[in-house]
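Overview (structure and organization)
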Amino acid sequence: MKAMIFAAGLGTRLRPITDTMPKALVPVDGIPMLERVILHLKAFGFNKIVINIHHFGQQILDFLKANENFGVTIMISDERGELLDTGGGILKARQFLDGNEPFLVHNVDILTDLDLKSLYDYHMSQQADATLLTAERTTSRYLLLDDKSRVCGWTNVKTGEVKPTELPNPNLYKKEAFGGIHVISPSVFPSLATFSSEHKFSIIPYYLSVCLSLKIISYDTAYAYHWFDIGKPETLAKADAWLQENKK
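These lines cover the structure that appears in this document, whether it is placed above or below. (Residues numbered from 1 in each chain as written. Predicted model: local features only at pLDDT ≥ 70, side-chain atom pairs only at ≥ 80, totals over all residues. Heavy atoms only, no water.)

1. Overview of the pairing of strand 6 (residues 103-107)
Judged by how many residues are buried, strand 6 sits mostly within the fold: four of five residues are covered. The pairing of strand 1 (residues 2-6) with strand 6 spans five bridges and is classified as parallel. Its bridge partner being in strand 6, M4 is matched across the sheet by V105. (Buried < 20%, exposed > 50% of the residue type's maximum accessible area, 1.4 Å probe, protein only. Helix = DSSP H or I, 4+ residues; strand = E, 2+ residues; numbered from the N terminus. Pairing = 2+ DSSP bridges.)

2. What to know about the pairing of strand 4 (residues 48-53)
Counting buried positions over the six residues of strand 4 gives five, a clear majority of the element. The pairing of strand 1 with strand 4 spans five bridges and is parallel. Looking at the pairing, M4 lines up with V50 of strand 4. Sheet topology note: the strand 4/strand 5 (residues 73-78) ladder contains six bridges and is parallel. Each residue of the ladder has a partner; that of I51, found in strand 5, is I76. Taken together, strand 4, helix 2 (residues 57-66) and strand 5 constitute a β-α-β crossover, and its handedness is right-handed. (Right-handed = clockwise from strand over helix to strand, strands pointing away.)

3. So, the packing of aromatic side chains
Tallying each qualifying case throughout the model produces eight aromatic pairs. Note on F63 and F70: the rings are 5.7 Å apart at their centroids and 50° apart in plane angle, and the pair reads as tilted. Exposure remark for F63: the relative accessible area of 15% places this residue in the buried category. With a relative accessible area of 11%, F70 lands in the buried category. When the ring of F195 is compared with that of F201, the centres are 5.5 Å apart and the planes differ by 55°; the resulting orientation is tilted. Residue F201 is classed as buried on the basis of its relative accessible area, which comes to 8%. (Phe/Tyr/Trp six-rings, centres within 6.5 Å; stacked < 30°, edge-to-face > 60°.)

4. Quick notes on the nonpolar core
Within the largest apolar cluster, 41 residues are counted, with the highest numbers of intra-cluster contacts made by I5, L34, I38, L41, I49, I51 and L104. When residues of this core are traced back to their parent elements, those giving at least two are strand 1, helix 1 (33-43), strand 4, helix 2, strand 7 (110-112), helix 5 (116-126), strand 12 (174-184) and helix 8 (233-245). (Core = buried A, V, L, I, M, F, W, Y, C linked by side-chain atoms within 4.5 Å.)

5. Here's the deal with the side chain of R36
Take R36: it is sitting in helix 1. Put simply, R36 is tucked away with no salt bridge, and the nearest opposite charge, on D29, sits 4.2 Å away. Residues within four places of R36 in sequence aside, it is in contact with V28, D29, I31, L111 and L243. (Lys, Arg positive; Asp, Glu negative; His and termini not counted. Salt bridge = Lys/Arg side-chain N within 4 Å of Asp/Glu carboxyl O. Contact = heavy atoms within 4.5 Å.)

6. Comments concerning unusual backbone geometry
In the segment running from R15 into P16, the intervening peptide bond is cis, with an omega of 10°. With an omega of -10°, the peptide bond running from K163 to P164 counts as cis. Assignment of secondary structure puts P164 in the loop between strand 11 (161-163) and strand 12. One non-glycine residue, D29, adopts positive backbone phi at about 50°. Inspection of the secondary structure assignment puts D29 in the loop between strand 2 (27-28) and strand 3 (31-32).

7. Some points on the environment of L39
Within the fold, L39 resides in helix 1. Expressed as a C-alpha distance, the spacing of L39 and E101, which sit 62 residues apart in the sequence, is 21 Å.

8. Points about the side chain of K23
Along the chain, K23 turns up in the loop between strand 1 and strand 2. What makes K23 buried here is its relative accessible area of 14%. At 3.0 Å, the side chain of K23 and the side chain of D109 are in polar contact. Non-local contacts of K23, meaning those with residues more than four positions away in its chain, are made with G9, G11, L14, T18, M33, V108 and D109. (Polar contact = N/O pair within 3.5 Å; in protein donor to acceptor, adjacent residues only side chain to side chain.)

9. Considerations on the pattern of salt bridges
Applying the stated criterion to the full structure yields 10 salt bridges. R13 serves as the salt-bridge partner of D109, at 3.5 Å between the closest nitrogen and oxygen. In this pair, D109 sits in the loop between strand 6 and strand 7 while R13 sits in the loop between strand 1 and strand 2, placing the two residues 96 residues apart along the sequence. Owing to a relative accessible area of 40%, R13 belongs among the partly exposed residues under this scheme. A salt bridge links K163 to E161; the nearest nitrogen and oxygen atoms lie 3.7 Å apart. When salt bridges with common partners are traced through the structure, they connect R13, K23, D109 and D229 into a single cluster.

Written as structure tokens, this is what we have:
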């Protein structure tokens, strides 16, 4: 199975640590974020992994070489010339991800014990174009879901912004937070390729632009799992503490 790890980010929330290293190599309880994500993917059968690089990209290349790619096939999508954001990053990596099977996309700064194969299998069973991990988590930005868990829009509850702007009353929809992990079918590539005139763009606006024509759904599992956004100091510290408390 194929996966992509977003590892190109600048890691500005983790400065000054990321002034000298890529966010992907920041340790979580002594082990780099990237290593934890790769091994988690590998444990659930993802054996072909694309990693995009930008900020201190050579350090990531050296790290992967030193660890013999952790026993999986790794392909590099090199964004050192231009950081492309999530949508642009997926499109640039199309040569590795296109084909007949869906692929899982995982932010490097998400730490979770979620069963990734169950998410992948759910996507397959629903014959979706994209399936986004969501949860009822307190934040300022939410996806808006209908009663069939289809993505219909997005809102920022602090600013009152709603997308698309013509969406009916957002209070009619369920609000859930995106968890930085999604499964995508290659069926999205034709519309993704024509979505933006810019190379750099986010995947969420793309999803909102096609949610009426493609099947973009959420996955909010009933099974308990742990989830941390480790891209900022306070949550990185919480993840550290949780890992130390749960060492086997």
